[in-house]
Amino acid sequence: MTELYPSPSPSPSSGLSRRSTLLAGGGSALLLGLGLTGCRSAVSESASAPQETGAAPKRGGILNLAINADFTPALLFAQSGQSLQQRLIYNTLTRYDDSLTPKPELATSWTYAKDGRSITLKLRDDVTFHDGRPFTADDVIFAVKNLQNPVRAAQLRSTAATINGFEKRGDHELVLKLAHPVNNLFDLFEFMIITDEKTVEDAVTGKKLIGTGPFRLKKWSPGSGLSLTRNDSYWLPDRPYLDGVELRVIPQADALISSLRSGQSQLSFGVPGKSLSVIKSDPKLKITNYDTGAGAIYLGVNTTVAPLNDKTVRQALAWAIDRDRLLAQTLGGYGLASAAPWPKSSPAFSEAHRTHYTHNPGKARELLRSAGHSKLELPLLHIALPGDTAIAESIQYDLKQIGVHVTLEPTDGATAQKKLISQEMPALWTMGHGFAQVQPSTLAVSAYPFNEAKNTSKYRSAAYTKVVQEAWTKPGTSAAGANALHEKISGILLDEAFIIDLVVRGQVQVNADRLHGVALNKFSYLNLDNAYLA
Amino acid sequence: MRGYLLRRLPSALLVLLGASFLIFTILRLVPGDPATSLAGPDADAATVAAIRERLGLDAPLLSQYAHWIGSLVTGDLGPSYAIGGQVADLIGDGLGATAELTAAALLFVIVLGGAFGILGATSRSGWVRSAIRVTTTAALAVPPFVSGVLLVMLFAVLLGVLPPGGRVPFLGAPDLAAQYLLLPALCLALPSAAVLGRYLKDGIERALAEDYIRTATAAGVAPRRLLWRHALPNALPPVVTLLGMQTGHLLGGAVLVEAIFAWPGLGQLAEQGLSRRDYPVVQDLLLLLVAVFVVVQLLTDLVYAWLDPRIRWE
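Residues numbered from 1 in each chain as written. Chains lettered and ligands numbered in written order. Predicted model: local features only at pLDDT ≥ 70, side-chain atom pairs only at ≥ 80, totals over all residues. Heavy atoms only, no water.

Naming follows an unreviewed UniProt entry, where chain B appears as Peptide ABC transporter permease of Kitasatospora albolonga. If you open the UniProt record of chain B and go to Sequence similarities (unreviewed entry), you find "Belongs to the binding-protein-dependent transport system permease family." The record held by UniProt for chain B lists under Subcellular location (unreviewed entry) the comment "Cell membrane". (UniProt positions renumbered as here; feature names shortened; annotations may be inferred.)

As annotated in an unreviewed UniProt entry, chain A carries the name Peptide ABC transporter substrate-binding protein and comes from Kitasatospora albolonga.

Structure below.
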């Protein structure tokens, strides 16, 4: 391949650089400039402002909510790490106030039968579903039956299952009959979302979510998030104030923080504790620490593995952990170091239980010696995520100080869950639990680690079963009587130490300072009925 | 060329069949299953069993495999176990997003890599060559999760000119979409652009040192013509192969970059599917990725054969 050319010229490199530079530089600049010179700015588009100005609260605007896990339709009826959308699309029958007193929502009033075997509910008669169909007592009957179906995996199924009869008194009055009295019925009413029966199968695949809530589903894009728009026919007059809510999935913690700091998102509950210091220094962001919601971090103990079948050894472990350091170092100080599972808002909370075990390595070593041990080798399973690994390492360090050498077993979430359910945990594991934020009896009947009949620790005791059943099935008990039962439950949990509670965690909310009126219910369902962007 | 393609096809199909069996088997060996994942930590045995039965996980493994292959052949991928929706829709949405990101990154790789290579080989300025060397070394050394965070800090948090994450589909609003695309595509492209630039620079330098270039130079051929008509075409075949391989790297790297920039592509879908043991989503996705690699490799070989006739005559 030879060509002949007429005249000589400088060397190949000469004369090329400037032209090539211009060409290459121009191309790159064109590409880079494509977005920057676009006619609209993506940054200002995402920071949507309300249309009206004037006295607060203001109407309009789209709230961008950064979530770290996408909506999982199959878990619509269970409480999961991502239950924020539940109360945006749906309503519940009642909701607790801060002192755990139920307040009306779709149920306006209720009357308990004296024997505790039935409850009569009066329902709102001005509520319609998003498709225009009126809400009636049949929808409550369906909601209860739906939760009784094991496929729905609803944690409060045992409570729903106690309802074995329905008596309709018109479209808006209903009697629920119970197989036996239970004292956590209002937990169920706050947990149970009211869905549309005809479209429920579409709801659990994410196709169609029809409720009575303040926002309608516009679109769910798996991996991207939910887009909700204002329900103009909402039963609460003039609400919601917002035009819509965008739940955007941002799984990476740094990206989530950047989204908040750049103003692209105005609300999140997914900032890890250790990263909250970055948020604290930003004057445009606010941190709110909820006492309820998320749950607690614990050290689980398999009571069938020697020498952990000896409660003295378990108690030694409970004395060995420095809960305050764990709280400060792994959760950024957001939470409550506690030996008991209860948050401060729980009727079962007591300062004495919270501080029943404090950091006392001397006492821990002494207990270990009294049980005939000076050195132990034990495995500790934990979920292999940064936050959980830090907790496991902290426990490992504390236990090493008393001669208990722990081998960490990092495990992915799905495997850890399977081992938890199938009771295949090794000697020790650390995870989180919920359900201590509502009626104390719910913890022992609905949170698997504490279940009196079957739990991962394989702990069984007639005394524990008796007191749990008594606490659960005696709704008419006086406050003093209930307190005595809670005292007994806490006493057994602390003395037997099959679940060693470490830190009670609440939901930590980060929001732009121009966002107001955000609330969470006890199951971390987000309530934006009164929220607005200033 | 057609004969060459026909010779390559059977091995490609065999690779896909083998991969499908491996993917199915390995996924079943991973502890945990969709039923326990869906049942949640508070489930009892009855709940897990009911969910397992509903998902068809109680059937023998061989029949589950046959059912999967059958569904692939008929084109009905069925519903997702845990994520929700139809697998075909999930993969379709994710594929669109990842393809958009990969295509934009590929464009950056070609433009930046081309500029690095051509300037590095032809510039007489020592300063320019040093700047390119430093830039490519840095682009290669800094992993995307670091460069991604740095880009976000600079352009989204400090300057506030670009969004830190998320996606607007390109067909809906191209002007907004380009702004969402810019940072992740650049972050994804930088290491590959550096590799490509270095290969191209070496290739051009080698070609420019050939005897026929010296002859042509002596005959007075314009340097620009020498570069574009002779040196560059001769330097291109190995670079095209590299570009094919880099496309694979871009697809793989997209998983990480998608997490940093909250880009709802296949990487995010794979992560979600795997963490929830959503077998249909993960199986189909992995097989699709194998298919993409096979097709890219096939295309690369075809382009190579087109550029260098000796290959197709072998």
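Novice: Quick question: what am I supposed to make of the overall build of chain B here?
Specialist: Looking only at helices and strands, one finds 13 helices and zero strands in chain B. Each helix and strand of chain B, placed in order from N terminus to C terminus, yields the pattern α-α-α-α-α-α-α-α-α-α-α-α-α. Taking the principal axes of its C-alpha atoms as reference, chain B extends roughly 85 × 55 × 35 Å. A fraction of 74% describes how many contacts in chain B between residues 6 or more apart in sequence connect residues 24 or more apart. When the accessible surface of chain B is summed, it comes to about 14,100 Å², and 70% of that surface belongs to carbon and sulfur atoms. (Helix = DSSP H or I, 4+ residues; strand = E, 2+ residues; numbered from the N terminus. Contact = heavy atoms within 4.5 Å. Areas by Shrake-Rupley, 256 points an atom, 1.4 Å probe, with all protein chains shown as cover.)

Novice: Please explain the overall build of chain A as it appears in this structure.
Specialist: Summing up its helical and strand segments, chain A has 18 helices and 23 strands in all. When each of the 534 residues of chain A is scored for burial, the buried share is 57%. Sequence-distant contacts, at least 24 apart, represent 70% of the contacts inside chain A between residues at least 6 apart. Put simply, chain A shows about 20,600 Å² of open surface, and 51% of that area lies on carbon and sulfur atoms. (Buried < 20%, exposed > 50% of the residue type's maximum accessible area, 1.4 Å probe, protein only.)

Novice: I would appreciate a short explanation of the environment of N309 of chain A in the present structure.
Specialist: Residue and element names in this part refer to chain A. Summarising the element assignment, N309 is placed in the loop between β13 (295-301) and α10 (311-320). In sequence terms N309 and A427 are 118 residues apart; their C-alpha atoms lie 10.0 Å from each other. Other than its neighbours up to four places away in sequence, N309 contacts T303 and R314.

Novice: What is the right way to look at a nonpolar patch on the surface in this model?
Specialist: All names here are of chain B. Where nonpolar side chains cluster on the molecular surface, the patch consists of V142, F145, V146, L150 and L256 and spans about 400 Å² of accessible area. If one sorts the elements of the nonpolar patch by residue count, helix α7 (residues 144-158) sits on top with three residues. Topologically, L150 is positioned in helix α7. (Patch = residues over 30% accessible without salt bridge, like charges linked within 9 Å, V, L, I, M, F, W, Y side chains within 5 Å. Salt bridge = Lys/Arg side-chain N within 4 Å of Asp/Glu carboxyl O.)

Novice: How do you make sense of the pattern of salt bridges when you look at a structure like this?
Specialist: Oppositely charged side chains are able to pair whenever their charged atoms sit close together. Residue and element names in this part refer to chain A. By the definition in use, this model includes 25 salt bridges over all chains. Residue R169 is joined to E173 by a salt bridge in which the shortest nitrogen-to-oxygen separation is 3.8 Å. Residue R230 pairs with D232 through a salt bridge whose shortest N-O separation is 2.7 Å. By relative accessible area, which is 15% here, R230 ends up buried. Each of R87, R95, E105 and D529 takes part in salt bridges that share partners, so that together they form one network.

Novice: Where do I start with the side chain of N64 of chain A in this structure?
Specialist: With respect to the secondary-structure elements, N64 of chain A resides in strand β1 (residues 62-67). Separated by 3.4 Å, the side chains of N64 of chain A and R248 of chain A make a polar contact. (Polar contact = N/O pair within 3.5 Å; in protein donor to acceptor, adjacent residues only side chain to side chain.)

Novice: Is there a simple way to think about the UniProt feature "transmembrane region" (unreviewed entry) in chain B in this case?
Specialist: Residue and element names in this part refer to chain B. UniProt's entry tags residues 12-30, 101-122, 134-161, 181-200 and 285-307 with the feature "transmembrane region" (unreviewed entry), counted in the numbering of this structure. The straight-line gap between the two end C-alpha atoms of residues 101-122 is 31 Å; of that span, 100% is helix and 0% is strand. Along residues 285-307, the helical share is 100% and the strand share 0%, with 32 Å between the first and last C-alpha atoms.

Novice: Whenever I open this one, the sheet that holds strand β9 (residues 225-230) of chain A confuses me. Can you help?
Specialist: In sheet architecture, strand pairing relies on hydrogen bonds along the backbone and comes in two forms, parallel and antiparallel. Residues and elements named next belong to chain A. Reading across from one edge, β8-β9-β10-β1-β11-β19-β12 is the order of the seven strands in this open sheet, with mixed pairing throughout. At either margin of the open sheet sits one strand with a lone partner, and together these are β8 (215-221) and β12 (285-289). Pairing geometry for β9 and strand β10 (residues 244-249), over five bridges, is antiparallel. Paired with T229 across the strands is G244, a residue of β10. (Pairing = 2+ DSSP bridges.)

Novice: Even after reading the chapter, I still don't get the environment of A339 of chain A, so can you show me in this structure?
Specialist: Residue and element names in this part refer to chain A. Here A339 lies in the loop between β14 (336-337) and α12 (351-354). Note on A339: relative accessible area 6%, which makes it buried. Taking the C-alpha atoms as reference points, A339 and L493, 154 residues apart in sequence, are found 9.5 Å from one another. In this structure, A339 is in contact with R323, H353, R354, H356, Y357, L494 and D501, ignoring residues within four places of it in sequence.

Novice: Mind showing me how you'd approach the UniProt feature "domain: ABC transmembrane type-1" (unreviewed entry) in chain B here?
Specialist: Within this structure's numbering, the places UniProt gives as "domain: ABC transmembrane type-1" (unreviewed entry) are residues 95-300 of chain B. Annotated as residues 95-300 of chain B, this span is 83% helix and 0% strand, and its ends, taken at the C-alpha atoms, are 21 Å apart.

Novice: When you look at the domain arrangement of chain A in this model, what are you seeing that I'm missing?
Specialist: Where interface size is quoted, it is often the accessible area lost as the parts come together. Residues and elements named next belong to chain A. What the domain assignment reports for chain A is domain 1 (2-204 + 507-530) and domain 2 (295-505). Counting each side, the surface lost to burial between domain 1 and domain 2 is near 1,600 Å², with a carbon and sulfur contribution of 57%. For the pair domain 1 and domain 2, the number of links is zero salt bridges. Joining domain 1 to domain 2, the criterion identifies nine residue pairs in polar contact (both at pLDDT 80 or more). Of the residues assigned to the side of domain 1 that touches domain 2, the class counts are seven nonpolar, 10 polar and three charged. (Domains from an automatic or database assignment. Buried area = accessible area lost by both parts, 1.4 Å probe. Nonpolar A, V, L, I, M, F, W, Y, C, P; charged D, E, K, R; others polar.)

Novice: Even after reading the chapter, I still don't get the nonpolar core, so can you show me in this structure?
Specialist: Soluble globular proteins tend to bury their nonpolar side chains together. Membership of the largest hydrophobic core comes to 112 residues, with the highest contact counts inside it found for L93, F189, L228, Y464, V518, L526 and L528 of chain A. By residue number, the principal contributor to this core is helix α4 (residues 137-148) of chain A, which donates seven residues. In terms of domain composition, this core takes at least three residues from each of domain 1 (2-204 + 507-530) and domain 2 (295-505) of chain A. Those residues in contact with L93 of chain A that sit more than four places away from it in its chain are P104, E105, L106, A107, L121, L123, V140, F189, M192 and I194 of chain A. Counting residues in hydrophobic clusters, the runner-up holds 54 residues, among them L101, A185, L186 and A235 of chain B. (Core = buried A, V, L, I, M, F, W, Y, C linked by side-chain atoms within 4.5 Å.)

Novice: I would appreciate a short explanation of the pairing of β10 of chain A in the present structure.
Specialist: For a regular strand, side-chain orientation follows a simple rule: the groups alternate between the two sheet faces. Pairing of β1 of chain A with β10 of chain A involves six bridges; the strand directions are parallel. Paired with A66 of chain A across the strands is R248 of chain A, a residue of β10 of chain A.

Novice: Looking at this structure, I do not really get the pairing of β13 of chain A. What am I missing?
Specialist: Residue and element names in this part refer to chain A. Of all seven residues that make up β13, seven are buried, and the element is covered over most of its length. Relative to strand β17 (residues 428-433), β13 is paired through six bridges, and the arrangement is antiparallel. From the neighbouring strand, V301 faces β17, where its bridge partner is L428.

Novice: Sorry, what's going on with the sheet that holds strand β15 (residues 376-383) of chain A here?
Specialist: All names here are of chain A. One open sheet accounts for six strands, arranged β14-β18-β13-β17-β15-β16; its pairing is mixed. Each edge of the open sheet is held by one strand with a lone partner, namely β14 and β16 (404-411). Sheet topology places β15 next to β17; three bridges connect them, and they run parallel. Across the sheet, H382 pairs through a bridge with T430, a residue of β17. Against the sheet, helix α11 (residues 323-331) engages β13, β14 and β18 (499-505), with an angle of about 45° to β18. (Axes fitted to C-alpha atoms, helices over the stretch in contact; angles between N-to-C directions.)

Novice: Whenever I open this one, the layout of surface pockets confuses me. Can you help?
Specialist: Rolled over the atoms, a probe with the dimensions of a water molecule shows which regions are left empty. Its volume calculated, the second largest pocket comes out at about 1,100 Å³. The wall of the second largest pocket is formed by 45 residues, among which K219, S221, S224 and E246 of chain A together with R167 of chain B lie closest to the centre. Examining the composition of the lining of the second largest pocket, we find that five residues originate from one element, β8 of chain A, more than from any other. Tallied by class, the residues present in the lining of the second largest pocket amount to 17 nonpolar, 19 polar and nine charged. (1 Å grid on protein atoms, 1.4 Å probe; cavity = no way out; pocket = protein on both sides within 12 Å on 5 of 7 lines; lining within 4 Å. Points joined across faces, edges and corners; volume = space filled by probe spheres on them.)

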